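Overview (structure and organization)
Here's the letter readout for the chains.
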Amino acid sequence: MVERAAGLFIYAATTLRFIQDGIDGPEEPLSLILSATNPSLSATEHLDGIYTTLLQHSVLGKRGFQECEQLAGRFRQVVGSIVVMFNTMPARDLAQLLQIPVKMVSSTLNFLRSVVNILEDESQPVRLFHLSFRDFLLDSQRCSDSRFQVDEKERHTSLFRKCMEHISQLQENICDLWGPGVLITEIPDDTIQKSIPPHIQYACRYWLDHCQLGNPVEEDIKTIREFLEQHFLHWLEGLSLIGEVSNGVHIIIALEEILSVSCNTH
């Protein structure tokens, strides 16, 4: 095992966590690792082999084909979102962003404690232990099991559409302020957090970033135009409340280019 780690601490750390997480003891995961690795492979190839083994064992196990497909799809949705998102968030906020039950997010992540840092404090964000796991999932050459491969553009597009659904629900005077001219510094932070929860804040900040890195179709551009016609001022109000007005300026500049290109192609 030391030779196969070849100086990669993440190899040793991931292996140790995988062995410790063995439900029926350390013997089975240790045996899986030893049987799945070839001493002649490079350190990176050994690491990829461990990632593949722990995913197949922890996420899918010995379940039937249909259940494996369902679990793999859930993995790509939940973990795939985590690896492409621009900011981390707790499982409950991720569930709200993706519009799926928090139990579905938690059950997916609980299989992955070898590679995902899940703290006992549920208010803390979920993080990957190491960026090498992200790189592995996004690289079809490294992630040999297609059930776990994350299509980066597809994930960005999906997150863009989720963000659009959330920010399209913004309304005027979302914090129910008591009058015009109220300074943001006068608004209690808990009022802002309650009116604009973390998943909505994320959507306000990053919806266009996901669009730019995804594969938007004409219907998505139409959705953006409808959003700007109906909720542009509501979105600006939301950005100001969370202290992101300057970011909004950059988004508007980028939007102008995207929409002008769309007009020129039709």
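Structural notes, computed from the coordinates.

Here is what the cut-offs are and how they apply
- Residues numbered from 1 in each chain as written.
- Predicted model: local features only at pLDDT ≥ 70, side-chain atom pairs only at ≥ 80, totals over all residues.
- Heavy atoms only, no water.
- Patch = residues over 30% accessible without salt bridge, like charges linked within 9 Å, V, L, I, M, F, W, Y side chains within 5 Å.
- Areas by Shrake-Rupley, 256 points an atom, 1.4 Å probe, with all protein chains shown as cover.
- Salt bridge = Lys/Arg side-chain N within 4 Å of Asp/Glu carboxyl O.
- Lys, Arg positive; Asp, Glu negative; His and termini not counted.
- Charge placed at Lys NZ, Arg CZ, Asp CG, Glu CD.
- Helix = DSSP H or I, 4+ residues; strand = E, 2+ residues; numbered from the N terminus.
- Buried < 20%, exposed > 50% of the residue type's maximum accessible area, 1.4 Å probe, protein only.
- Phe/Tyr/Trp six-rings, centres within 6.5 Å; stacked < 30°, edge-to-face > 60°.

**As for a negative patch on the surface**
A grouping of E218, E219, E226 and E229 is seen on the molecular surface, where their side chains present a negatively charged patch. Positionally, E229 belongs in helix 12 (residues 218–241). The exposure class assigned to E229 is exposed, which follows from its relative accessible area of 68%.

**Overview of the packing of aromatic side chains**
Scanning all chains against the criterion turns up ten aromatic pairs. Ring geometry for W207 versus F227: centroids 5.6 Å apart, planes at 65°, classification edge-to-face. With W207 in helix 11 (residues 198–213) and F227 in helix 12, the pair connects residues that are 20 residues apart, well separated along the chain. Classification of W207 by relative accessible area gives buried; the value is 0%. Between the aromatic rings of F227 and W235, the centroid separation amounts to 6.3 Å while the plane-to-plane angle is 65°, which identifies the pairing as edge-to-face. Both residues of the pair, F227 and W235, belong to the buried class. Through successive ring pairs, a cluster of aromatic residues spans W207, F227, F232 and W235.

This is a description of form; function is not addressed.
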